Amino acid sequence: MPRKRKLLAQLSALQSDSSFPSFDALGNLNTKPDGDSSPKSSKYFAAEKKNSSHLEADFFNQPCISLAKSFLGQILVRKLPDGRELWGRIVETEAYLGGEDEASHSKGGKQTQRNAAMFMKPGTLYVYQIYGIHFCVNVSSQGEGAAVLLRSLEPLQGLDAMREMRSASRKGPTKLLKDWQLCNGPSKLCQAFGIDKTFDQRDLTQDAAIWMVPGPDLPGEQDVVATTRIGIGNRGEWTQKPLRFYLRGNRFVSVVDKKTERETAAMGQLSCLASVPPSRT
């Protein structure tokens, strides 16, 4: 059975489980519930009943690099106001460590109204706008001002709805997007999933319109490529740090680093040869 068909079969079994969450459709995504106004707490932290099928707080409460790797293979779920659900497997992420990380919006511990979500509890969404048009979605982690950018998804469910929302955000006549083109980049991902600034500071463990569930087919360390981040400009030594992670061989990744893949593959072969005990003659 092809890998994608296997994934969909496993996800179908998960959805049919009686423990899978059932939420009422949201009437208006721009309506923000009241909540704790503390600077360390998101206003979206509503006291709702948790469901065991969600990834919960303990999962998100890990160091930034570890969380960026752990996201690979997990499933992002978005429930639209009409009740349709969009499912996408996370295949590419970037870690932004805060503090000394020159490419981070929170470098030097700088807190602003814009980046407040980066300093909130792990699992908080940080959504920001680029070029005054497109949105990018991040998830806060352990570490002061640290967060993980979701770069690319492998669409699994609700692809027609994703195409509708991608087309609505594009000007003029457009060609029908192929599956691999729907979510292969951070702004494309947000367009396809209908994520905008109203999702900033929401809690992935509590929100009724967006959450994560465990992936049925998680990668091993050998399946993950670690390379440099994209589009961060000249940030000194931080430009070359391997803080982007993606699934090797996955065609839904936005940018493949073939050079790094060749180098890591060669190192893996050398490691295997070194581990082989010498033959006795």
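Residues numbered from 1 in each chain as written. Predicted model: local features only at pLDDT ≥ 70, side-chain atom pairs only at ≥ 80, totals over all residues. Heavy atoms only, no water.

### Some words on the pattern of salt bridges
Put simply, the rule reads: When a carboxyl oxygen of Asp or Glu lies within 4 Å of a side-chain nitrogen of Lys or Arg, that pair is called a salt bridge. Put simply, DSSP marks the helices as runs of H or I at least four residues long and the strands as runs of E at least two long, and each gets a number from the N terminus on. Burial classes follow relative accessibility: with a 1.4 Å probe on protein chains only, a residue under 20% of its type's maximum area counts as buried, one over 50% as exposed, and anything between as partly exposed.
Counted by the stated rule, this structure contains 16 salt bridges. Between Asp160 and Arg163 there is a salt bridge, with its nearest N and O atoms 3.8 Å apart. Highlighted residues: Asp160 and Arg163, both in helix α4 (residues 159–168), separated by three residues, approximately one helical turn. Since its relative accessible area comes to 15%, Arg163 is described here as buried. A salt bridge links Asp200 to Lys197; the nearest nitrogen and oxygen atoms lie 3.8 Å apart. Assessed through its relative accessible area of 7%, Asp200 is described here as buried.

### Remarks on the packing of aromatic side chains
Note on aromatic pairs: each is described by the distance of the centres and the angle between the planes. Note the cut-off: In summary, the pairing rule links any two rings of Phe, Tyr or Trp, Trp by its six-membered ring, whose centres are within 6.5 Å, and it sorts them by plane angle into stacked for under 30 degrees, edge-to-face for over 60 and tilted for everything else. Two conditions define a charge located above a ring, namely a distance within 6 Å from the ring centre to NZ of Lys or CZ of Arg, and an angle within 35 degrees of the ring normal.
Per the stated rule, a full pass over the model turns up four aromatic pairs. Measuring from centroid to centroid gives 5.9 Å for Phe59 and Phe71, while their planes differ by 50 degrees, and the two rings are tilted. Of this pair, Phe59 sits in helix α2 (residues 57–60) while Phe71 sits in the loop between α3 (64–70) and β1 (75–79), and the two are 12 residues apart along the sequence. Pair check on accessibility: Phe59 and Phe71 agree, each one buried. Each residue in the set Phe59, Phe60 and Phe71 is aromatic and connected to the rest through ring pairs, giving one cluster. Directly above the ring of Phe199 sits Arg202, whose terminal nitrogen or CZ lies 4.1 Å from the centroid. Stacked on the ring of Tyr96, the Lys or Arg Arg229 has its end atom at 4.6 Å from the ring centre.

### Some points on the pairing of β1
Threshold: A pair of strands counts as paired when DSSP detects no fewer than two bridges linking them.
Taking burial as the measure, the five residues of β1 include five buried ones, the bulk of the element. What you see with β1 is no split at all: Ile75, Val77 and Lys79 on one side and Leu76 and Arg78 on the other are buried throughout. In the sheet, β1 pairs with strand β2 (residues 85–96) via five bridges, with the strands oriented antiparallel. Its bridge partner being in β2, Arg78 is matched across the sheet by Leu86. Hairpin connection of β1 to β2: five residues between the antiparallel strands, including Gly83 at a positive phi of 95 degrees. Both β1 and strand β6 (residues 210–213) contribute to a ladder of four bridges, which runs antiparallel. Looking at β6, one finds that Arg78 is bridged to Ile210.

### Quick look at the environment of Asp203
We count it as follows: Polar contact is defined as a pair of N or O atoms within 3.5 Å, subject to the rule that within protein one atom must be able to donate a hydrogen and the other to accept it, and that residues adjacent in sequence are counted only when both atoms are side-chain atoms.
Tracing the sequence through the fold places Asp203 in the loop between α5 (186–193) and β6. Here the alpha-carbon distance between Asp203 and Gly123, two residues 80 residues apart in the chain, equals 5.9 Å. Of note is the side chain of Asp203, whose polar atom sits 2.8 Å from the side chain of Thr205.

### A word on the state of the cysteines
How we decide: Any pair of cysteine sulfurs within 2.5 Å is marked as a disulfide.
Across all of its chains, the model carries zero disulfides by this definition. No disulfide involves Cys136; its sulfur sits 6.0 Å from the nearest other cysteine sulfur, which is in Cys190.

### Comments concerning unusual backbone geometry
One non-glycine residue, Tyr131, adopts positive backbone phi at about 60 degrees. Checked against the element boundaries, Tyr131 lands in the loop between β3 (125–130) and β4 (134–140). Of note in this structure, Gln201 is not a glycine but carries a positive phi near 75 degrees. Examined against the element boundaries, Gln201 turns out to sit in the loop between α5 and β6. With relative accessibility at 12%, the residue Gln201 sits in the buried group.

### Re α5
Here is the rule we go by: What makes two residues a contact is simply this: any of their non-hydrogen atoms within 4.5 Å.
Among the eight residues of α5, seven are classified as buried, and the element is accordingly described as predominantly covered. For α5, the full list of buried residues reads Pro186, Ser187, Leu189, Cys190, Gln191, Ala192 and Phe193. For α5, the secondary structure elements touched by its buried residues are β1, β2, β4, β5 (147–157) and α4.

### Some details on the pairing of strand β8 (residues 244–247)
Burial along β8 is two-sided: Arg244 and Tyr246 facing one way and Phe245 and Leu247 facing the other are all buried. Of the strand pairs in this sheet, β2 and β8 are connected by three bridges, and their pairing is antiparallel. Note on β8: the bridge partner recorded for Glu94 is Arg244. Bridge count for strand β7 (residues 224–227) against β8 is four bridges, and the pairing is antiparallel. Following the sheet pairing, Thr227 is matched in β8 by Arg244.

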